[in-house]
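Okay, here's what each chain looks like letter by letter:
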Amino acid sequence: MGVASAVEFFLIAGAIGVIVWKAHRIELAMDTQSVANAALAGEISGMLTALSVVALGLLLALGIGMLAVRHYVLRTVQGFARAADALESDNAAFRLDWTGPAEFERLAARFNRIQERLQSESADRARIETREAEMLAALNKEIDANAETLRIVKRAAQAWRQTFDAVDFVLLTVDRHGVVQRVNRAAVNLLGGGFEDWIGRPITEFPDRQPWRAIRALLDDVFVDGNPMSGQIEDGAVWEYASTGLHAAEDVAVVWARDISQMTELQRAVARSESMGAMGELLGGVAHEVRNPLFAITALLDAWSLKPQVQEGPFLPALRREVTRMRQLMEELLEYGRPFNPSLVVRDLQPVAAEAVSILMPAAREIDATIHVDVSGLVHMDSARMLRVFLNLVQNALDHSPDRGVIDVASQALADGGQPIVRITVRDRGPGFREADLPRVFHPFFTRRPGGTGLGLPIVQRIVDEHGGTVSAGNHPEGGALIRVDLPIAAAAAST
Amino acid sequence: MAGPRVLIVDDEPGIRLGVCTYLEACGFDVVDAADCAAALQLLRGRRFDVGVLDYALPDGNALTVLSEIAKIQPAMKAIVLTAYPSDTIKRNALASGASMFLTKPIELVALRALLHELTGTTASDA
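Conventions used here
Sequence order as written defines the numbering, with residues in each chain counted from 1. In the order they appear in the text, chains get letters beginning with A and ligands get numbers beginning with 1. Per-residue local features of the predicted model are confined to residues with pLDDT of at least 70, and side-chain atom pairs are confined, for both listing and counting, to 80 or more; whole-chain, interface and lining totals are unaffected and use all residues. Field definition: a residue is buried when 20 or more other C-beta atoms are found within 10 Å of its C-beta, exposed when 12 or fewer are, and partly exposed for counts in between, with C-beta atoms placed from the backbone. The helix count covers DSSP runs of H or I at least four residues long, the strand count covers runs of E at least two residues long, and both are numbered beginning at the N terminus. Directions are taken from the helix axis to each C-beta atom, and the arc is the one they span. Throughout, a pair of residues is in contact if the C-beta atoms placed from their backbones lie within 7 Å. Any set of buried Ala, Val, Leu, Ile, Met, Phe, Trp, Tyr and Cys residues joined through C-beta atoms within 7 Å is what this text calls a nonpolar core. Two strands qualify as a pair provided that DSSP identifies no fewer than 2 bridges between them. Every axis corresponds to a line fitted to the C-alpha atoms, with the helix fit spanning only the stretch in contact, and the corresponding angles, defined between N-to-C directions, vary from 0 to 180 degrees. Residues are grouped as follows: Ala, Val, Leu, Ile, Met, Phe, Trp, Tyr, Cys and Pro are nonpolar; Asp, Glu, Lys and Arg are charged; every other residue, Gly included, is polar.

Attention shifts here to helix α2 (residues 36–45) of chain B. All names here are of chain B. Where α2 is concerned, the buried positions are Cys36, Ala39 and Leu43. For α2, the buried positions fall inside an angular range of 65 degrees around the axis, keeping them on one side. Residues Gln41, Arg44 and Gly45 are exposed on α2 and point more than 90 degrees away from its buried face. Where α2 is buried, its residues contact β1 (5–9), β2 (29–33), β4 (56–57), β5 (60–61) and α3 (62–72).

Let us look at the nonpolar core. Among the nonpolar cores identified, the biggest contains 47 residues, and A:Ala299, A:Leu300, B:Val6, B:Val19, B:Ala78 and B:Val80 are the most heavily contacted of them. Sort the elements by how many residues they give to this core and helix α7 (residues 261–306) of chain A lands first, with 7 residues. Of all hydrophobic cores here, the second largest spans 38 residues; its members include A:Phe390, A:Ala473, A:Ala481 and A:Leu487.

Looking now at the sheet that holds strand β6 (residues 77–82) of chain B. All names here are of chain B. The parallel open sheet is built from 5 strands, whose spatial order is β2-β1-β3-β6-β7. Because the sheet does not close on itself, it has two edges, and the strands there are β2 and β7 (100–103). Strand-to-strand twist across the sheet, computed as the mean angle between neighbouring axes with direction ignored, equals 20 degrees. Taken together, the 5 bridges between strand β3 (residues 50–54) and β6 define a ladder with parallel strand orientation. Bridging across to β6, Asp54 finds its partner in Leu81. The strands touched by helix α1 (residues 13–25) are β1, β2 and β3; relative to β2, the strand with the most contacts, the crossing angle is about 170 degrees. Those strands touched by α3 are β1, β3 and β6, and its axis lies near 160 degrees from that of β3.

Okay, the pairing of strand β2 (residues 180–183) of chain A next. Residues and elements named next belong to chain A. Sheet topology places strand β1 (residues 170–175) next to β2; 3 bridges connect them, and they run antiparallel. Counterpart to Leu172 in the pairing with β2 is Val183. Between β1 and β2, which pair antiparallel and follow one another directly, the connecting turn spans 4 residues, one of which, Gly178, has a positive phi of 80 degrees.

Right, let's get into the interface of chain A and chain B. In many reports, interface size means the accessible area that the parts give up when they come together. With 20 residues of chain A at the contact, the number on the chain B side is 16 residues. It is α7(A) that provides the largest number of residues to the side of chain A that touches chain B, a total of 14 residues. Residue composition of the side of chain A that touches chain B, by class: 11 nonpolar, 4 polar and 5 charged.

This next bit is on the sheet that holds strand β12 (residues 481–488) of chain A. Strand pairing within a sheet occurs via backbone hydrogen bonds; the two strands may be parallel or antiparallel. Residue and element names in this part refer to chain A. Strand order in this open sheet of 5 strands is β7-β9-β10-β12-β11, and the pairing throughout is mixed. Strand pairing shows two members of the sheet lacking a second neighbour, β7 (370–374) and β11 (470–475), which therefore form its edges. If you compare each strand with its neighbour and ignore which way they point, the axes differ by 20 degrees on average. Bridge count between β11 and β12: 6 bridges; the pairing is antiparallel. Note that in β12 the partner of Gly474 across the bridge is Leu482. Running over the sheet, helix α10 (residues 383–399) touches β7, β9 (406–416), β10 (419–427) and β12 and is turned about 135 degrees from β9.

Spelled out as structure tokens, the structure:
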């Protein structure tokens, strides 16, 4: 309102000036000329009229001016009042769209620039706050997750402790200095005392009795080479014990031991039972093989006794045949049951195979059979036992060969999964094995040949097994039985 | 008058020779076979009073022969012999019609007496 008051003041001052000026003229005219009253009255009347008009004009101008000034001032003030409100309410998006007096345009523009800066800073602050909120949320989530992990780990640790104590065999951990880090209840029960008596104690203070002596010795070895080890000790009770390795990455070795006396006794009982079972089966087979020739011998003797006059008849050769059969059975039984000779020496298979064929040549001639031998290879062997392998295999082939049949005895060096072996094959031209018989041909006393003992192939299997080899039976694709023996080649030969 | 007709089935030539010779000397009318196939062929061609059958034969066992006997000569008796006795084999043999189940070796005097008993004859008949 200050500006309005000033305008009004100047307008009023102007009007008074005009009136004063006019009155001064009137006074001068009255003093100097003493003019006629009529003229004077007219001039005064004119002057008053003019004065009235001027006064009215002044009043009008004054009103209009006052309205204009009021409007001008109100717009300006209202514009800046909105700006002030926006500032007060942190409304940084607010802009003064100035349509008021041009004198304030720069001020409005300045206000808007300030607002823009405030808005930009506000946006930055909002982004920072949002990011902080997100980070806080992520942190809270991570904390929650870590808390859950911690709970799981605690539960697992608790379960581990319970398990450690619950196992009924001795369990302990020992650091690389030989100091006990943890013992379970079973260990403490065996050691005597309490947990606190043994945790932190060196293993050298273990009691001088089993299994502790064995565990101490085992750990001494583990500390030296770091590898896992195990052992078994029998000292009244039978203890099985073991330790994990202790390499650079491990802090402790985990050691366990358990009393396996009952289990061992059970296993031994089972082994005895199996042994007795096997012996019973063998004896059954022996009895069977003995009863037939024995019956034949008694029957032949009974028959001969009724016909004592028969001297050159069939009885004597038949009796001799049966007695020979029983002698062979006895020899093969002894061969089958002969203890294993662990002193094997490196020998070539060639002379052994040749000797077997030489021995059987008369039998081959009886059926006009041909035997081809091409066998070689150095193996660790008991030559006498290996001779029996070739004798049995070639004899078996002869027993099943047709007249003028051909028997091939061959060998070849092979690598069986990296292990060098020599494979010996014996093939005849007979009818071959029946498919149904193949699973049983190595069973003692199984034979399809009348008069056969059924021990030839089982003896071969036993001897080959003693030499670390394998034997299998089958038929050649072009006919005839095929026996295959795989023997490990002696290291000296394998390296050349 | 011919004695009781006996069929001997055994894959052991020594047993066949001894048993057949002995029983023939005792007056029995004896025929022998080395396996099931030969035994079945004989059963289809001749009549027998009794059979002496080895249980284990190269092409089967005594049950095959017993089954054939039951079909074509139901009046014929049979004794089963084995060198490897077992309750199962014995049960199967008796269930298949065998009159007796014996374990080798047996005395031929005893076998002779059993054959007379099964055929209802005496030594003087043979």
